[in-house]
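Overview (structure and organization)
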Amino acid sequence: MTATIGDAEAAVPTAWGTARLLAGTRAGRLDLARHRDVHDVPRRSERGSLADALDAVGLLGRGGAAFPVATKLLGTRAGSGTYVVVNGSEGEPASHKDRALMRLAPHLVLDGALAVARSLRTRKVDLVVQDRAAHASLAAAVRERRDARGVRLVHHDHGFVGGEVRAVTRALSGGPALPPGRRVLPTVHGVDGRPTFASNVETFAQIALLLSLGVDEYAGVGAADEPGTTLLTLLGDVPHPGVVEVPTGLPLSALVGERPGPVLVGGYHGTWLADPGELTVSRPTLRSAGAPLNAGVLARLPHDTCALGEVATVAHWLADQSVGQCGPCFFGLPALAITLDQLAVGRVATEAARQRARLLVGRGACAHPDGAAAFVASALTVLDREIAVHRRHGHCGRPLLGVLPTGGGPVTR
Amino acid sequence: MRLEIDWTRCDGHGLCARLLPELISLDEHGFPVFTDRRVDQQLARHARRAVAVCPRLALRLEQTSPSHPVR
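The written sequence of each chain sets the order in which its residues are numbered from 1. Lettering of chains starts at A and numbering of ligands starts at 1, both following the order in which they are written. At least 70 in pLDDT is required for a residue's local features to be given in this predicted model, at least 80 for side-chain atom pairs to be given and counted, and no such filter applies to totals for whole chains, interfaces and linings, which use all residues. The side-chain numbers reported here are obtained from all heavy atoms of the structure, hydrogens and water having been left aside.

A word on the pattern of salt bridges
Salt bridge, as used here, is a side-chain nitrogen of Lys or Arg placed within 4 Å of a carboxyl oxygen of Asp or Glu. Taken as a whole, this structure holds 23 salt bridges over all chains when the rule is applied. Its salt-bridge partner being A:Arg62, residue A:Glu202 comes within 2.8 Å of it at the nearest N-O pair. You can see A:Glu202 sitting in helix H9 (residues 201-213) and its partner A:Arg62 sitting in the loop between helix H3 (47-56) and helix H4 (69-74), a full 140 residues away along the chain. Grouping residues by exposure puts A:Glu202 and A:Arg62 together as buried. For B:Asp36, the salt bridge identified is with B:Arg38, shortest N-O distance 3.2 Å. Each residue is assigned to one of three classes by its accessible area relative to the maximum for its type, calculated with a 1.4 Å probe on protein chains only: buried under 20%, partly exposed between the two thresholds, exposed over 50%. Residue class for B:Asp36 comes out partly exposed when judged on its relative accessible area of 27%. Counting from the N terminus, the helices are DSSP H or I runs at least four residues long and the strands are E runs at least two residues long.

Spelled out as C-alpha cells, the structure:
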C-alpha cells in the first residue's frame with residue numbers, strides 16, 4: 001500500500017501505549033473544560049525548581065535542535081521584559097505533529113507556555129502559528145481562559161527557513177523573517193532585543209505535562225536517556241502513517257516496519273539509514289547513531305516509486321526554500337538538485353552530487369544548507385543500487401509517486 | 001585568530017581569495033571556501049588585508065580563546 005501525506009493528515013493522531021499529549025483527544029479537540037478533566041493544573045514552579053525538573057527528565061527541545069530545555073531556561077534572564085515564544089510554524093511539509101497537537105490540545109500548549117512565563121516572571125507570550133486550523137484552535141483557547149490575556153497569537157507564514165527560531169524572533173520584532181547573519185542567541189537577544197525563551201510547541205506541552213505529573217510519573221515511561229513520550233510523523237510505506245505519540249525507546253523497526261531497506265530519520269534535514277536495524281527512537285540515541293530525530297519525521301519509500309526521483313524532488317523543494325541571503329545556499333542548492341536530476345538520467349556520477357553536497361556544509365547563516373546536505377549525502381549512500389540502475393538505463397522504470405510531500409506548492413524543476 | 005564570515009553579507013566579490021589563497025579558495029559561483037579557518041601568526045598580516053578589502057564587510061577576524069575552542 002502506498003501512503004501519502006494525505007493519509008498522514010487524514011489519519012487520526014494516535015497514541016501507542018501511554019497517551020499524554022494526546023490524552024482525551026480521540027473524540028477531537030479538547031476545550032478548556034475537557035482539558036481540565038484530563039490534565040491537572042500545572043504546579044506553580046519557580047525557575048530554579050522548573051529547571052531542576054527539566055534537568056531530571058532530560059527534556060530536549062522538540063523543534064529540531066534538541067537543545068536541553070533546562071539549560072535554555074537558566075540562560076534566559078527573568079523579568080517583565082522577557083519574552084516567551086512558542087514556535088508552531090512547522091514549515092516542513094513532511095511534519096504534521098505540531099499542527100496536530102495545536103488543533104487537538106491547544107490548552108496543553110498554553111499551560112506550558114504560561115508556566116514558563118510565570119517562572120520567568122513575565123506575561124509576554126508570543127504564539128507563532130502557520131496552519132490555519134491550528135491558529136483557530138489556539139485563538140479559541142486563548143479566548144476561553146482568563147490567564148491568557150498576555151498571549152499574542154501571530155499568524156506566521158514564512159516557509160521553512162522563515163520558521164527558524166531566530167527568523168521568528170526577528171519577525172516578531174518587526175523585522176524580516178530571515179535568520180540573522182551573525183550568531184545571536186534568542187535567550188540573550190530575542191524579540192525586541194529582549195531575553196527570549198523560544199521553543200517548539202511540543203516542548204511547551206511536555207513542560208505542562210511535567211508540571212502536572214511530577215518528575216517520577218513523567219519519567220515512568222520511555223527510554224532512560226530521554227524519558228516520557230514523543231510525537232512523531234510517520235510517512236510513506238509504514239504500517240500506520242500519520243501522527244503518533246509513542247513512549248521514547250521503541251525500536252525504530254516497530255514504527256517504520258521490519259522489512260529491510262532505507263529509512264529516513266529526521267525529515268528533510270535528516271538522514272537516510274540503510275535499514276532500521278536495532279536502533280531505538282530517542283533523541284540522544286539517534287543523535288549518537290548519526291541520525292538526529294530533528295522534528296520527529298520518520299519515513300519509508302514504497303517499492304513502486306522512483307526513490308532517486310523522490311530525493312531529487314525534495315532537493316528541489318529545499319532549493320526553493322532558500323531565502324536567498326547566502327550565496328552558497330542560494331546557488332548551491334539548485335545546483336545540487338539539478339545534479340540529482342542528471343544523476344537520475346545517468347548523465348553524471350554520484351561523486352558529482354556528493355561534491356556539491358559537501359560544499360554546502362557550514363556555509364550559511366542558518367542550518368538549512370547543512371541539513372539539505374545531510375539529507376542528500378545520506379540518500380546517495382543508501383540508494384547506491386538504485387543509482388547504479390539509473391546510471392545504466394537512464395531511469396529505473398518506476399514512476400515518481402511523490403510519496404515525500406513538498407507542500408503542494410509549485411516546485412521548480 | 002579565526003576567520004569568520006557573515007554569509008548574508010558576502011556577495012562573492014572574491015578579493016579575499018586573491019589576498020589569502022593559502023586559506024581561501026572560491027567555489028564555481030565565486031563564493032569563498034575556507035580550507036582552514038584558523039589563522040596563524042605567519043598569515044595574520046594577509047588575513048587582516050583580506051578582511052580590510054572585503055567590499056561588503058562580510059569577512060572578519062576573531063580572537064580565539066581557550067573558552068572558545070577552534071573547531
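Back to the write-up after that little detour.
Considerations on the environment of A:Ala94
Residue and element names in this part refer to chain A. Within the secondary structure layout, Ala 94 lies in the loop between strand E2 (83-88) and helix H5 (97-104). Accessibility expressed as a relative area gives 0% for Ala 94, which makes it buried. The spatial distance from the C-alpha of Ala 94 to the C-alpha of His 189 is 31 Å, given a sequence separation of 95 residues.

Here we look at the domain arrangement of chain A
Residues and elements named next belong to chain A. The split into domains, and so the bounds of each, comes from an automatic or database assignment of domains. Parsing chain A into structural domains produces domain 1 (19-220), domain 2 (223-300) and domain 3 (307-393). Measuring from the centre of the C-alpha atoms in domain 1 to the corresponding centre in domain 3 gives 33 Å. A 1.4 Å probe defines the accessible area here, and the buried area is the portion of it lost by two parts on being joined, summed over both. Summing both partners gives a buried area of about 760 Å² for domain 1 against domain 3, and 71% of it is carried by carbon and sulfur. It is Phe 160, Val 161 and Leu 178 in domain 1 that bury the most area against domain 3; as a group they hold 55% of the surface buried on that side. Linking domain 1 to domain 3 there are zero salt bridges. Polar contact is defined as a pair of N or O atoms within 3.5 Å, subject to the rule that within protein one atom must be able to donate a hydrogen and the other to accept it, and that residues adjacent in sequence are counted only when both atoms are side-chain atoms. Taken together, domain 1 and domain 3 are joined by three residue pairs in polar contact (both at pLDDT 80 or more).

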